[in-house]
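Now for the letters of each chain:
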Amino acid sequence: MNVNEITAGLNDEQKEAVLQTEGPVLILAGAGSGKTRVLVHRISYLVNVLDVMPSQILAITFTNKAADEMRNRVDNMIGFGASQIWVMTFHSCCVRILRRHAELLGYDRYFTIYDTDDSLQIMKEIFRRKNVDTKRIKERAVLHAISSAKNEHVSPAQFARMNSHDYWGGLVSDFYEEYQKQLKENNAMDFDDLLVNAVELFDKHPDVLELYQERFLYMMVDEYQDTNTVQFEFVSRLAARHRNLCVVGDDDQSIYKFRGANIRNILNFEQIFPDAKVVRLEQNYRSTSNILDAANEVIRNNRGRKSKKLWTEKGSGEKVRFRRFQTGFDEAEYVAAEIGRMVRSGERNYKDFAVLYRTNAQSRLFEEKCLFLNIPYKLVGGVNFYARREIKDILAYLKTIDNAVDSLASMRIVNIPKRGIGQTTVNKISAYAQDAGMSFYDAAKEAEQIPGLSKATAKKVGTFTGFIEELRNEALHQTVSELVRTVVIDSGYKDALEAEDTDEARERMQNIDELISKAVQYETNADHPTLSGFLEEVALIADIDTVDDGDDRVLLMTLHSAKGLEFPIVYMAGMEEGLFPSSMSLNAEDSDEQIEEERRLCYVGITRAKELLTLTCAYERMTRGQIEPHSVSRFVREIARDKLDQGRKAPAKSTIDNLKGGFGKDMRDAIQTKAFAPKPPSKMFTNPYTSSNSNSRTDAHTKTGPRIYDGTSTKQTGSTNEMLGYEVGDSVIHKKFGVGTVKAIREGGRDFEVTVDFPAWGVKKMFAAFAKLEKVEE
DNA sequence: CACAGGTCTCTTTTT
DNA sequence: GAGACCTGTG
């Protein structure tokens with residue numbers, strides 16, 4: 001490949017960014033300006049034209065998904081040798097380096113990586129030991145303070161020097177030190193430590209730093225606006241020698257301040273590197289001009305930006321739509337129904353759509369409506385797969401096998417499944433371990449010597465440690481996936497779950513099966529699969545990384561998760577003051593700054609859309625179980641009225657009225673479901689775009705179209721239909737099991753026990769209030 | 001020691 | 001509304 005081939009199809013600025021390989025380079029890449037493309041072509045140019053060895057190139061991204069995508073495109077473009085290029089996230093890059101040199105920092109190479117939940121457990125233990133009243137001081141607040149310190153690369157000692165003058169500062173210094181001590185004893189690092197320790201390694205061992213400085217002739221950092229101070233230090237130390245550092249970012253898309261991102265890294269790049277070349281990519285290849293205009297109108301309300309004006313050659317496209325609904329239910333219903341309609345009409349696939357919102361809590365409404373309308377979706381974020389209890393349990397076994405020093409892991413599983421080892425026993429072992437300066441697991445191995453433990457108890461503990469020792473032997477000649485299977489079966493975990501015989505237990509078992517497939521996947525992909533390697537990959541995975549672009553489904557996710565992605569059709573939901581921008585930002589002391597960050601988030605959201613963008617909001621929304629009125633987000637108002645397609649105004653109808661009338665809570669719940677369910681057209685909030693019900697009624701494609709709630713049925717008395725909205729013989733939909741037929745309804749106390757036959761799951765008995773079944777028309 | 005039932009707290013965003 | 005934590009009982 002020659003230069004012309006590599007730069008073919010690039011615009012002048014993109015070409016410049018590709019060819020400007022020497023020295024510091026700042027690429028200010030507006031949304032949708034083709035920055036990934038530039039980076040990929042730049043790497044190709046380095047390798048194919050300048051004959052740089054692939055192993056001398058380091059490209060850093062924030063998410064695994066971004067790294068994978070870049071890796072694939074690089075592979076396709078340069079082929080042989082591409083795998084030698086380090087395309088990694090900050091965290092995985094640091095881990096890779098730290099594994100190799102962990103001993104120099106007093107860790108061993110099998111160190112474990114703690115997630116936020118693990119950190120919280122450690123902090124809780126410290127609170128207990130120090131007898132701190134958790135009502136007055138929150139563990140999470142302390143952890144947050146520690147994390148901020150780490151992001152600024154402030155050590156416990158430095159922190160103490162700077163902050164010990166007041167009570168809070170003194171307390172945090174104290175806990176910071178203790179927390180670090182605890183982690184080190186467990187041979188564990190948290191997310192922030194990975195960066196901090198990598199930088200520490202470089203600072204304390206110049207020879208190691210030199211090794212990597214020599215190696216990486218060319219470095220590229222993506223999403224530079226979201227780097228924090230340690231990340232900056234990491235990068236700048238590595239690049240100090242050859243100074244071929246190319247950073248790509250957009251200050252308008254800086255949305256991770258809460259995580260320590262330091263926007264000055266990008267704003268001051270030219271001060272830090274006075275000889276930096278600056279390239280601006282301002283042509284947008286993603287969105288129509290209407291969408292781009294809306295984005296520009298919103299973001300221009302921020303101050304202190306790098307001057308930048310995105311433009312496009314694309315046509316104007318459709319106007320940005322704005323729709324306001326009575327409730328969040330109506331909003332979700334509208335969105336889901338419209339998606340369903342557009343897919344059924346054949347103009348779109350499900351994967352063309354994304355629904356973006358500010359908070360994860362909003363996802364439930366959309367999930368429910370999608371299920372209801374049989375729309376395939378993938379929910380990104382929320383509870384991470386790897387944070388689920390059963391997964392953490394199994395991983396704790398693996399961690400104990402791999403790194404017996406990780407006391408958090410061994411304490412977690414010593415009585416899982418139940419072995420008759422209670423809290424008292426755990427405390428005694430733990431105290432013994434503390435005194436002897438050993439790990440929990442090592443102390444457990446000496447159970448019979450621990451004072452206060454009965455013979456019988458010591459024997460139970462011995463069974464546990466014996467089992468772990470067996471597993472260690474197995475680990476020597478079993479693959480990771482085999483080992484997971486062995487753990488699940490031999491520990492009795494599987495039997496315990498099966499004995500429970502509940503839906504929840506079955507779901508947990510399914511998750512474990514999924515973990516096994518992930519292990520298999522890891523074994524096939526990794527060059528040298530190891531247990532540590534698997535644990536590491538699993539620890540650093542983000543939910544967005546699991547999105548497969550090939551699947552045909554709607555994506556539901558937060559605005560934060562959507563960064564870096566694009567979709568033909570985007571819905572931004574919950575455009576309301578107090579939700580977006582969040583009330584937190586409105587009430588904060590540095591409110592102005594925080595609102596600017598929210599505005600950048602809004603900008604990110606708008607610029608995800610290629611063809612059609614719909615902003616939605618609700619008059620009233622249920623928060624904390626309470627319905628509260630909401631006004632339209634300032635961000636919507638910042639877009640000139642004539643640029644918005646506002647649909648047709650509809651009369652407001654308060655759902656609160658529907659709830660009045662002295663019902664008990666159960667009754668109210670039952671009614672509430674109905675009140676929010678699709679209503680007959682005559683009663684409905686009518687907007688030309690929400691009339692999905694009348695459409696789907698005649699739509700032959702819909703096998704399980706939306707239920708048309710018959711308002712007259714409330715006039716009947718005493719029937720289950722009135723109470724539940726369905727009766728024996730009806731088809732109902734369940735959140736998890738899908739559509740099934742009601743076989744029986746039995747009144748039991750305050751609730752109904754409903755028997756439903758689900759074709760895919762068999763016959764289930766469930767309580768109506770809990771199962772939230774909804775009738776579907778056949 | 002295990003479990004059930006009640007109480008309290010918290011919801012911004014995440015590698 | 002959901003999850004963690006506490007408390008009392010078997």
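Rules behind the numbers
Residues numbered from 1 in each chain as written. Chains lettered and ligands numbered in written order. Predicted model: local features only at pLDDT ≥ 70, side-chain atom pairs only at ≥ 80, totals over all residues. Heavy atoms only, no water. Phe/Tyr/Trp six-rings, centres within 6.5 Å; stacked < 30°, edge-to-face > 60°. Helix = DSSP H or I, 4+ residues; strand = E, 2+ residues; numbered from the N terminus. Buried < 20%, exposed > 50% of the residue type's maximum accessible area, 1.4 Å probe, protein only. Salt bridge = Lys/Arg side-chain N within 4 Å of Asp/Glu carboxyl O. Pairing = 2+ DSSP bridges. Axes fitted to C-alpha atoms, helices over the stretch in contact; angles between N-to-C directions. Contact = heavy atoms within 4.5 Å. Near = heavy atom within 4 Å. Polar contact = N/O pair within 3.5 Å; in protein donor to acceptor, adjacent residues only side chain to side chain. Nonpolar A, V, L, I, M, F, W, Y, C, P; charged D, E, K, R; others polar. Expected span 1.5 Å × (residues − 1). Core = buried A, V, L, I, M, F, W, Y, C linked by side-chain atoms within 4.5 Å. Right-handed = clockwise from strand over helix to strand, strands pointing away. Left-handed = near helix turned anticlockwise from the far one by under 90°. pLDDT = per-residue confidence, 0-100. Disulfide = S-S within 2.5 Å.

Student: Just checking my understanding: could you explain the packing of aromatic side chains for this structure?
Tutor: Any pair of aromatic rings gets described here by the distance separating the centres and the angle formed by the planes. Enumeration over the complete set of coordinates arrives at 20 aromatic pairs. Ring centres 5.4 Å apart and planes at 65° place the aromatic pair Phe 62 and Phe 90 in the edge-to-face group. Linking Phe 62 in the loop between strand S2 (57-61) and helix H4 (64-78) with Phe 90 in helix H5 (residues 90-101), this pair joins segments that are 28 residues apart in sequence. Just as Phe 62 is buried, Phe 90 falls in that class too.

Student: What exactly am I supposed to notice about the pattern of salt bridges here?
Tutor: A side chain of one charge can pair with a side chain of the opposite charge when the charged atoms of the two come close. Under the criterion given, the structure shown has 44 salt bridges. For Lys 35, the salt bridge identified is with Asp 222, shortest N-O distance 3.1 Å. Separated by 187 residues along the polypeptide, Lys 35 in helix H3 (residues 35-49) and Asp 222 in the loop between strand S6 (218-221) and helix H12 (229-239) bring together distant segments of the chain. By the burial criterion, Lys 35 is buried, and Asp 222 matches it. With a shortest N-O distance of 2.5 Å, Glu 297 and Lys 643 are connected by a salt bridge. With Glu 297 in helix H15 (residues 289-299) and Lys 643 in the loop between helix H30 (634-637) and strand S16 (644-645), this pair connects stretches of sequence that are 346 residues apart. For Glu 297, a relative accessible area of 7% gives the class buried. When salt bridges that share partners are traced, they join Lys 35, Asp 222, Glu 223, Asp 226 and Lys 563 into one network.

Student: Help me understand the sheet that holds strand S1 (residues 25-29), please; the structure alone is not making it clear to me.
Tutor: Within a beta sheet, neighbouring strands are joined by backbone hydrogen bonds and run either parallel or antiparallel to one another. The 6 strands are arranged S3-S2-S6-S7-S1-S8 in an open sheet whose pairing can be described as parallel. The open sheet is flanked by strand S3 (86-89) and strand S8 (277-281), the only strands paired with a single partner. Looking at each pair of strands side by side, their axes are set apart by 15° on average, direction ignored. Inspection of the sheet shows S1 paired to strand S7 (residues 245-249) by 4 bridges, in the parallel sense. Across the sheet, the residue bridging to Leu 26 is Val 247, located in S7. Against the sheet, H4 makes contact with S2 and S3, and its axis sits at roughly 165° relative to S3, the strand it touches most.

Student: Got a minute to help me understand the environment of Gln 182 in this structure?
Tutor: Within the secondary structure, Gln 182 sits in helix H9 (residues 167-185). By relative accessible area, Gln 182 is classed as buried at 11%. For the pair Gln 182 and Asp 592, spaced 410 residues apart in sequence, the C-alpha to C-alpha distance is 38 Å.

Student: Looking at this model, I keep getting lost on the protein's contact with DNA strand B. Mind explaining?
Tutor: Surveying the vicinity of DNA strand B reveals 30 residues, the closest of which are Lys 138, Arg 358, Thr 424, Met 584 and Arg 624. Atoms of DNA strand B within 4 Å of the protein: sugar and phosphate make up 62%, bases the balance. Between DNA strand B and the protein, one listed contact pairs a phosphate oxygen with a side-chain N or O atom of Lys 138 at 3.5 Å. A distance of 2.5 Å separates a phosphate oxygen of DNA strand B from a polar atom in the side chain of Thr 425. For the surface near DNA strand B, the elements supplying multiple residues, two or more each, are helix H20 (423-436), helix H27 (559-562) and helix H29 (591-606). For the surface near DNA strand B, the residue count by class is 7 nonpolar, 15 polar and 8 charged.

Student: Please clarify how helix H6 (residues 116-129) should be interpreted in this entry.
Tutor: Because an α-helix packs 3.6 residues into every turn, residues spaced three or four apart end up facing the same way. Helix length check: H6, at 14 residues, gives a terminal C-alpha distance of 20 Å against a target of 20 Å (1.5 Å per residue), a fit within 8%. All buried positions along H6 are accounted for by Asp 118, Ser 119, Leu 120, Ile 122, Met 123, Ile 126 and Phe 127. The inward-facing, buried residues of H6 abut strand S4 (112-114), helix H7 (139-151), H9, strand S5 (188-190), helix H18 (389-402) and helix H19 (407-413). Structurally, the start of H6 carries an N-cap: the backbone nitrogen of Asp 117 is 3.0 Å from a side-chain oxygen of Asp 115. Of the residues flanking the end of H6, it is Asn 131, one or two places downstream, whose phi is positive at about 60°.

Student: Would you mind showing me how to read the nonpolar core here?
Tutor: Inside soluble globular proteins, nonpolar side chains tend to come together where they are buried. By size, the foremost hydrophobic cluster in this structure holds 49 residues, and its most contacted members are Leu 395, Leu 398, Ile 429, Val 484, Leu 515 and Phe 534. Among all residues touching Ile 429, those that are not within four sequence positions of it are Phe 440, Ala 443, Ala 444, Ile 450, Leu 453 and Val 461. Among the nonpolar cores identified, the runner-up in size contains 46 residues, and Cys 94, Tyr 107, Tyr 224 and Val 235 belong to it.

Student: It is not clear to me how the pairing of S6 should be interpreted in this structure. Could you clarify?
Tutor: Side-chain direction in a regular strand flips from residue to residue, so the side chains alternate between the two faces of the sheet. The side-chain alternation of S6 yields two buried faces, one formed by Tyr 218 and Met 220 and the other by Met 219 and Val 221. Inspection of the sheet shows S2 paired to S6 by 4 bridges, in the parallel sense. Its bridge partner being in S6, Ala 59 is matched across the sheet by Met 220. Taken together, the 3 bridges between S6 and S7 define a ladder with parallel strand orientation. Bridging across to S7, Met 220 finds its partner in Cys 246. A crossover links S6 with its parallel partner S7, the connecting element being H12, and its sense is right-handed.

Student: Mind showing me how you'd approach the side chain of Thr 7 here?
Tutor: If you trace the backbone, Thr 7 turns up in helix H1 (residues 3-7). With a relative accessible area of 8%, Thr 7 lands in the buried category. Sequence-distant contacts of Thr 7, defined by excluding residues within four places in its chain, comprise Lys 15 and Leu 19.

Student: Help me understand the packing of helix H10 (residues 191-204) against H12, please; the structure alone is not making it clear to me.
Tutor: Geometrically, a packed helix pair is captured by the angle between its two axes and the distance between the axes. Orientation of H10 relative to H12, taken along the N-to-C sense of each, is 35°, at an axis distance of 9 Å. For the crossing formed where H10 meets H12, the hand is left-handed. Residues Leu 195, Val 196, Ala 198, Val 199, Phe 202 and Asp 203 of H10 lie in contact with H12, whose contacting residues are Val 230, Gln 231, Glu 233, Phe 234, Arg 237 and Leu 238. Partitioned by chemical class, the residues of the contact of H10 with H12 number 8 nonpolar, 1 polar and 3 charged.

Student: Would you mind showing me how to read the confidence of the model for chain A here?
Tutor: Residues shown with low pLDDT carry predicted positions that ought not to be read at fine detail. Overall, the predicted model of chain A reaches an average pLDDT of 83, with 86% of residues at or above 70. Low pLDDT, under 50, characterises residues 650-718; the predicted model gives this stretch 104 contacts beyond four residues in sequence or across chains.

Student: Looking at this model, I keep getting lost on the side chain of Gln 231. Mind explaining?
Tutor: Take Gln 231: it is sitting in helix H12. Among the polar contacts made by the side chain of Gln 231, one reaches the main-chain amide nitrogen of Asn 228 at a distance of 2.8 Å.

Student: I tried to follow the state of the cysteines on my own but got confused; where do I start?
Tutor: A disulfide bridge is the covalent bond that connects two cysteines by way of their sulfur atoms. Throughout the structure, instances matching the rule amount to 0 disulfides. In this structure Cys 93 is not part of a disulfide, and its nearest cysteine sulfur, from Cys 94, lies 5.6 Å away. Overall, Cys 94 belongs to the buried group, its relative accessible area being 0%.

Student: Help me understand the pairing of S3 in this model?
Tutor: Every second residue of S3 is oriented toward a common face, with Trp 86 and Met 88 on one face and Val 87 and Thr 89 on the other, all of them buried. Relative to S3, S2 runs parallel, the two being bridged by 4 bridges. In the strand pairing of S3, Thr 61 is matched with Thr 89. Assessed by its sense of winding, the connection that carries the chain from S2 through H4 to S3 is right-handed.

Student: Whenever I open this one, the environment of Arg 37 confuses me. Can you help?
Tutor: Secondary-structure assignment places Arg 37 in helix H3. Each C-alpha atom, one on Arg 37 and one on Pro 568, is 19 Å from the other, the two residues being 531 residues apart in sequence. When residues no more than four places from it in sequence are discounted, the contact partners of Arg 37 are Ala 8, Gly 9, Leu 10, Gln 14 and Arg 73.

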